[in-house]
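Commentary on secondary and tertiary structure
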Amino acid sequence: MRIEFHGAAREVTGSCHLVDCGGVRILLDCGMIQGGRERHERNREPFPFDPRTLDCVILSHAHIDHSGRLPLLRKAGYHGPIVTTAPTAQLLEIMLADSGRIQEEDARWTIRRLEKRKKDTSWVTALYTEEDAIAVLDQLVPVPLGGTHTLPRAGTVTFVPAGHILGAATIDLRLDDEGTSRRLVFSGDLGVQGARLLPRPQSVDCPDYLIMESTYGDRDRANEGDRTERLFDIIQRTMRRKGKVIIPAFAVGRTQEVLTRINDLVEAGRLPDARVYVDSPMAVAATRAFALHPEAYSRPVRELMEDGDAPLYFEGLELVSRVEDSMALNESRRPAVIISASGMCTAGRIKHHLKHSITNSRNTVVFVGYQASGSLGQVIQAGTNPIRIFGEWYPLNARVETIEGFSAHADRRELLEWFASLGDAPTRTFVVHGEEAVSLHFADTLAKQFNAPVTVPKRGQHFELS
Ligand SMILES: [Zn+2]
């Protein structure tokens, strides 16, 4: 068996690993390389393998840094199966199409910028289009989360719940390696243990070989207290002031996790008359996709559903898709909770909500996710005053709160617990999906704590495993 690392090796994005087992070639993930212009341009480079020689692609989850180069793989000649969980397949319909639109918008923006400077624009093309993205969806082969699928000539793949986002799985491969059965596990991205909506990452039996993520391999989250109670406190205080609570959140995952917690509060009668809006077309579509896959939820939430409750819908909730409704909501002065994207306030309807609400001291902006430095979200979170939105300056009078711990990623302690739950150390472990220093640190911790043979592969590196 041979493994080649073609992405998320000593970096976080671009997840892409190639397994060759007795001539059967399986690609694990095909993610977009993200993080600034220079990195983004690398997506345009040809794949370092011939996509036409692949037998199968297996996808751990829908995040674009794991799925975003699939349209390029198709354009480069791969027309075979892309096996993934049913909820992931559903989310991909939304997320890949959105990614295609973003690439087209990006190209239009570059053309406008060049035209202003009277420069040549003939070389500018979108990385791929919405149409390219939609074409890939035909190749998806959905398997139930927790289910096993037979790979022709190769063996089987089982999708073990990883709890990271809806449908996210750890990939458990049983492969026939010239007469010997080998197990290779790819952790995918592992979720947190304290999520409300999604299950905790499930453990697997110790495999022969392991590819493991290490995003937060160097840090433990502080004990954040009860996030639902903090949210309740903030909403209640803002309602008393007759203000709005504005929550910037990623459309897929974070929005639904926050909704479940508000649902708990509403159903307990603690937020009577609360009006809650989800104002982001992608979040609305994702919320509907979530509602279709109860099998992918945590046990307590599944039990609620068996009792007839819908954890993402409650009285007072409105899903806003139309632009006119979103604009009306901007203007409205009635107290409300508004959840909108993008999560870091860099684009989307959230910018309009912020523009209309940050000047009023009755309102509260609540951050529930990571704010990258330089993003509008980070500028507001830091308390900068005034704030520039759409080229104009606004005084920041609204209160600003942060609730930590809504992360979709396991921290160091949770990663180590997951590794310990294997019961034994694999013959070989490869640490991927982390900033270089973090992956090296985490690999060192694993090696010392479990006396395990651990490698942090470099991009392009390959390993023959016997
Ligand atoms: Zn992810």
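If you're wondering where the values come from, they're calculated on a predicted model, not measured in any experiment.

Among the 5 residues of strand β15 (residues 336-340), 5 are classified as buried, and the element is accordingly described as predominantly covered. For strand β12 (residues 244-248) and β15, the ladder comprises 5 bridges, and the chain directions are parallel. Looking across to β15, one finds that I246 is bridged to I338. Bridge count for strand β13 (residues 276-279) against β15 is 4 bridges, and the pairing is parallel.

For the rest of this paragraph, the subject is the sheet that holds strand β20 (residues 428-432). Pairing in this open sheet of 7 strands is mixed, and the strands run β7-β8-β9-β10-β11-β20-β21 from one edge to the other. Of all the strands in the sheet, the pair left with one neighbour each is β7 (148-151) and β21 (454-455). Bridge count between β20 and β21: 2 bridges; the pairing is parallel. The partner of F430 across the bridge, within β21, is T455.

A separate point is the nonpolar core. In a soluble, globular protein the nonpolar side chains are often hidden away together inside. Within the largest apolar cluster, 129 residues are counted, with the highest numbers of intra-cluster contacts made by I58, L91, I171, I247, A286 and V337. It is helix α4 (residues 86-116) that contributes the most residues to this core, 7 residues altogether. Residues from two domains meet in this core; each of domain 1 (2-219 + 410-464) and domain 2 (227-402) gives at least three. With near-sequence residues (within four places) excluded, I58 lies in contact with I26, L28, V83, T84, V157 and I171.

Our focus in this paragraph is the environment of F5. Tracing the backbone shows F5 in strand β1 (residues 2-7). Considering only alpha carbons, one finds F5 and V432, 427 residues apart in sequence, at a separation of 8.9 Å. Once you skip the residues sitting within four places of it in the chain, F5 turns out to touch H17, V432, P457, R459 and Q461.

What follows covers unusual backbone geometry. Here the amide bond leading from A341 into S342 is cis, since omega sits at 10 degrees, within 30 degrees of zero. Residue position: S342 is located in the loop between β15 and α11 (350-357). With an omega of 0 degrees, the peptide bond running from N385 to P386 counts as cis. Inspection of the secondary structure puts P386 in the loop between α12 (376-381) and β17 (387-389). Even without glycine at this site, R153 takes up a positive phi of about 70 degrees. With respect to the element layout, R153 can be found in the loop between β7 and β8 (155-161).

So, on to the environment of A291. Locating A291 in the fold gives a position in helix α8 (residues 281-291). Distance in space between the C-alpha atoms of A291 and Y313 is 8.9 Å, their sequence separation being 22 residues. When neighbours within four sequence positions are excluded, A291 is seen to be in contact with A310 and L312.

Here we come to the domain arrangement of the protein chain. Its domain assignment divides the protein chain into domain 1 (2-219 + 410-464) and domain 2 (227-402). With centres defined by C-alpha atoms, the gap from domain 1 to domain 2 works out at 29 Å. Considering only residue class, the side of domain 1 that touches domain 2 consists of 13 nonpolar, 2 polar and 2 charged.

This brings us to the packing of helix α7 (residues 254-267) against α8. Axis separation between α7 and α8 bottoms out at 9 Å; the angle between their running directions is 65 degrees. In terms of orientation, α7 and α8 fall into the roughly perpendicular class. Seen along the crossing, α7 lies across α8 with a hand that is right-handed. Contacts between α7 and α8 involve T255, Q256 and L259 on the former and, on the latter, A283, A286, T287 and F290. Among the residues making up the contact of α7 with α8, the classes are represented as 4 nonpolar, 3 polar and no charged.

Turning to the environment of G217, a few remarks are in order. Looking at the element boundaries, G217 is found in the loop between β11 (209-213) and α6 (227-240). According to the C-beta neighbour criterion, G217 is buried, with 27 such atoms within 10 Å. When the C-alpha positions of G217 and F290 are compared, they lie 29 Å apart, and in sequence the two are 73 residues distant. Ignoring any residue separated from it by four or fewer positions in sequence, one finds G217 in contact with R412, L415, G434, V438, S439, H441 and F442.

Below, the discussion takes up the packing of α4 against α8. Closest axis-to-axis distance for the α4/α8 pair is 9 Å, and the angle between their directions is 165 degrees. With respect to each other, α4 and α8 are oriented roughly antiparallel. At the point where α4 passes α8, the crossing takes the left-handed sense. Side by side, α4 and α8 meet where Q90, L91, I94 and D98 of the first sit next to M282, A285, A286 and A289 of the second. When the residues that make up the contact of α4 with α8 are grouped by side-chain class, the tally is 6 nonpolar, 1 polar and 1 charged.

The rules we used
Here the residue numbers are simple positions, counted from 1 along each chain's written sequence. Whole-chain, interface and lining totals are the exception, using all residues; otherwise, since this is a predicted model, local features are given only for residues with pLDDT of at least 70 and side-chain atom pairs are given and counted only at 80 or more. With C-beta atoms placed from the backbone, a residue is buried if 20 or more other C-beta atoms are within 10 Å of its own, exposed if 12 or fewer are, and partly exposed between those counts. A helix here means a DSSP run of H or I that spans at least four residues, while a strand means a run of E at least two residues long, and both kinds are numbered starting from the N terminus. Paired strands, as defined in this entry, are two strands with at least two bridges between them according to DSSP. Each nonpolar core consists of buried Ala, Val, Leu, Ile, Met, Phe, Trp, Tyr and Cys residues. Their C-beta atoms, within 7 Å, join them into a set. Domain delimitation follows an automatic or database domain assignment. We call two residues in contact if the C-beta atoms placed from their backbones are at most 7 Å apart. In this classification, Asp, Glu, Lys and Arg are treated as charged, Ala, Val, Leu, Ile, Met, Phe, Trp, Tyr, Cys and Pro as nonpolar, and every other residue, Gly included, as polar. In this analysis, axes come from line fits to C-alpha atoms, helices being fitted only over the stretch in contact, and the angle between any two N-to-C directions falls in the range 0 to 180 degrees. Just so you know how the angles are binned, under 35 degrees is roughly parallel, over 145 roughly antiparallel, 65 to 115 roughly perpendicular, and the rest oblique. For a crossing to be left-handed, the near helix must be turned anticlockwise from the far one by less than a right angle; the clockwise case is right-handed.

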